[in-house]
Every structure is written in structure tokens, then in C-alpha cells.
Amino acid sequence: MKISGVEIQVVQGDITRQEDMAVIVNAANSSLRGGGGVDGAIHRAAGPELKKESSALAPIGPGQAVITGAYRLPNQYVIHCVGPVYGVHKPEDELLASCYRNALRLAEKQQLDSIAFPAISTGVYGYPMQEAAQVMFKTIIEVIAELKHIKKIRIVLFDRPAYELHRQALEACQAE
Ligand code: AR6
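Residues numbered from 1 in each chain as written. Predicted model: local features only at pLDDT ≥ 70, side-chain atom pairs only at ≥ 80, totals over all residues. Heavy atoms only, no water.

Draft legend 1. Structural view of the sheet that holds strand E4 (residues 65-69). Across the sheet, 7 strands lie side by side as E1-E2-E7-E6-E3-E5-E4; this open sheet has mixed pairing. The sheet terminates laterally at strand E1 (2-3) and E4, the two strands that pair on one side only. Across 2 bridges, the pairing between E1 and strand E2 (residues 6-12) is antiparallel. Among the inter-strand pairings, Lys-2 is bridged to a residue of E2, identified as Glu-7. (Pairing = 2+ DSSP bridges. Helix = DSSP H or I, 4+ residues; strand = E, 2+ residues; numbered from the N terminus.)

Draft legend 2. Fine view of the packing of aromatic side chains. Tallied over the entire structure, the rule returns 2 aromatic pairs. Pairing Tyr-100 with Phe-117 gives two aromatic rings, centres 5.0 Å apart and planes at 50 degrees, and the pair type is tilted. On the criterion of sequence distance, the pair formed by Tyr-100 in helix H3 (residues 92-109) and Phe-117 in strand E6 (residues 114-117) is long-range, its members being 17 residues apart. Take Tyr-100: its relative accessible area is 1%, and that puts it in the buried class. According to the relative accessible area criterion, Phe-117 is buried, its value standing at 0%. (Phe/Tyr/Trp six-rings, centres within 6.5 Å; stacked < 30°, edge-to-face > 60°. Buried < 20%, exposed > 50% of the residue type's maximum accessible area, 1.4 Å probe, protein only.)

Draft legend 3. Geometry of the pattern of salt bridges. Under the criterion given, the structure shown has 4 salt bridges. The shortest N-O distance in the salt bridge between Glu-146 and Arg-105 comes to 2.7 Å. Residue Glu-146 is located in the loop between helix H4 (129-144) and strand E7 (152-157), and its partner Arg-105 is located in helix H3; the two are separated by 41 residues in the primary sequence. Arg-105 sits in the partly exposed class, given a relative accessible area of 38%. Between Arg-160 and Glu-164 there is a salt bridge whose closest N-O contact spans 3.4 Å. Here Arg-160 and its partner Glu-164 are both found in helix H5 (residues 160-175), 4 residues apart, which amounts to about one turn of the helix. In this structure Arg-160 comes out as partly exposed when scored by relative accessible area, which is 46%. (Salt bridge = Lys/Arg side-chain N within 4 Å of Asp/Glu carboxyl O.)

Draft legend 4. Expanded view of the environment of Asp-159. Relative to the helices and strands, Asp-159 is located in the loop between E7 and H5. In this structure, the C-alpha to C-alpha distance between Asp-159 and Ser-4, residues 155 residues apart in sequence, is 29 Å. In this structure the side chain of Asp-159 is engaged in a polar contact, spanning 2.9 Å, whose partner is the backbone nitrogen of Ala-162. (Polar contact = N/O pair within 3.5 Å; in protein donor to acceptor, adjacent residues only side chain to side chain.)

Draft legend 5. Molecular detail of the packing of H4 against H5. Here H4 crosses H5 at 45 degrees, and the two axes come no closer than 9 Å. The pairing of H4 with H5 is recorded here as oblique in orientation. Handedness of the H4/H5 crossing: right-handed. Judged by residue contacts, Met-129, Gln-130, Ala-133, Met-136, Phe-137, Lys-138 and Ile-141 of H4 engage Ala-162, Leu-165, His-166, Ala-169, Leu-170 and Cys-173 from H5. (Axes fitted to C-alpha atoms, helices over the stretch in contact; angles between N-to-C directions. Parallel < 35°, antiparallel > 145°, perpendicular 65-115°, else oblique. Left-handed = near helix turned anticlockwise from the far one by under 90°. Contact = heavy atoms within 4.5 Å.)

Draft legend 6. Region of interest: the nonpolar core. The biggest cluster of nonpolar side chains holds 43 residues, and the ones touching the most others in it are Ile-79, Ile-115, Phe-117, Phe-137, Ile-153 and Ile-155. With sequence-adjacent residues up to four places away left out, Ile-153 is seen in contact with Val-6, Glu-7, Ile-8, Gln-9, Leu-104, Ile-115, Phe-117, Ile-140, Ile-144 and Leu-147. If you look at the next biggest cluster of nonpolar residues, it comprises 11 residues, including Met-21, Leu-73, Val-78 and Val-156. (Core = buried A, V, L, I, M, F, W, Y, C linked by side-chain atoms within 4.5 Å.)

Draft legend 7. Layout of the side chain of Glu-92. Assignment of secondary structure puts Glu-92 in helix H3. For the buried Glu-92, no salt bridge exists, and the shortest N-O distance to an oppositely charged side chain is 5.1 Å, to Lys-90. (Lys, Arg positive; Asp, Glu negative; His and termini not counted.)

Have a look at this one:
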């Protein structure tokens, strides 16, 4: 789907295998030292140099984002966002929106043309996926008008139900 000249894609897959994307986004924690889920997969694929660079930028709070190199990953950069822990960091919708907004602005500042996101906060951090998907697409669509360099935004979902849910959420957003 194209909005204001930017292609928004929803795919099922692994965020560490997005060879054609300039930058991938990590759902990190404030220590930026790696962890489970997407964070673990990204650090494993990138190799130990990533942790050296990212942990030197820590701590960052919920809603914030920083950019590092991608090392052994097939991308140029990794943007590390810390999502809100659902029910703990409030207002969680604002903090989750900040992740997407800050990541897009960081990529834009680097003049990158493509960015891939996982569904931040929807795993260990417990954010209900339907609600999180609405915040994600609403924020992306709000920020799109600011973008000059980014031409492709890809949302990468690990499993089939998450993929179906996000496809429907994007269609619902466009219908509004
Ligand atoms: N590619 C794409 N999506 C994935 C992948 C992958 N390789 N692996 C998992 N997902 P989570 P959070 C999905 O828990 O909720 C870490 O320990 C997963 O199914 O990775 O923001 C950090 O260090 C889920 O829908 O991130 C933090 O401590 C989504 O990615 C904490 O977890 C996000 O799940 C962050 O929790």
C-alpha cells in the first residue's frame, strides 16, 4: 500500500533477514545490551561488536531511540527503540508512538530510503497486539508527510496470526 509516495508493506518473516532494507529497528530494553525476542535475534545475527556500540549509548528510556551500525547484519544500521512495558510505563500509547516517530526521524536524518520494524512491545512487554498495531499505523501515517528520503516502510511479523492482524489493521487505517 502506498501513502504519500511511501510504500508500506506488511510481511511475515524474521527481522534479521531483511537484506534489502537500509535499517532495521530493534525492540530493545534500556540497557541496550541485548535480551530475548527480537533483541536477542538481532544481537546474535550482528555479532558482539553491536553490544559494544549500543551499550555505550545506554541507558535510554521508553519511547526513545538510538542508531548504531549493523555489523554482520545485511543492513547499514540498526535503530534501537525501547517500547513501554504495558501497564507500567504510561501513557503507553504515547510512548509506543514515540518509538515509531523517533525511529522514522532518525532514519530520515541519515537519509535512508527503507526501514523495517518489528511489532515493538508486543512480546515480553505485553502490549496487546491489536492496540499496538493501531498505534503503529496511526503514527506512521502521521509522520509520513515529513519524510523525504524514506520510500519503503516494512512491518515484519514473526507468525501468521500477527501478520494477519497487522494486514487488517493497516487496511482499516486506510479506510478511515
Ligand atoms: N523477527 C520479527 N519479529 C520477531 C522476532 C524476529 N526475529 N522475534 C520475535 N518477534 P519482543 P518487546 C516478535 O519480546 O515486547 C527483550 O528481551 C514477537 O513475536 O522481542 O518490545 C528485550 O531485551 C513480538 O510480537 O519485544 C526487552 O527486554 C515482537 O517481535 C524486551 O524483550 C516483540 O517481542 C522487549 O520486549
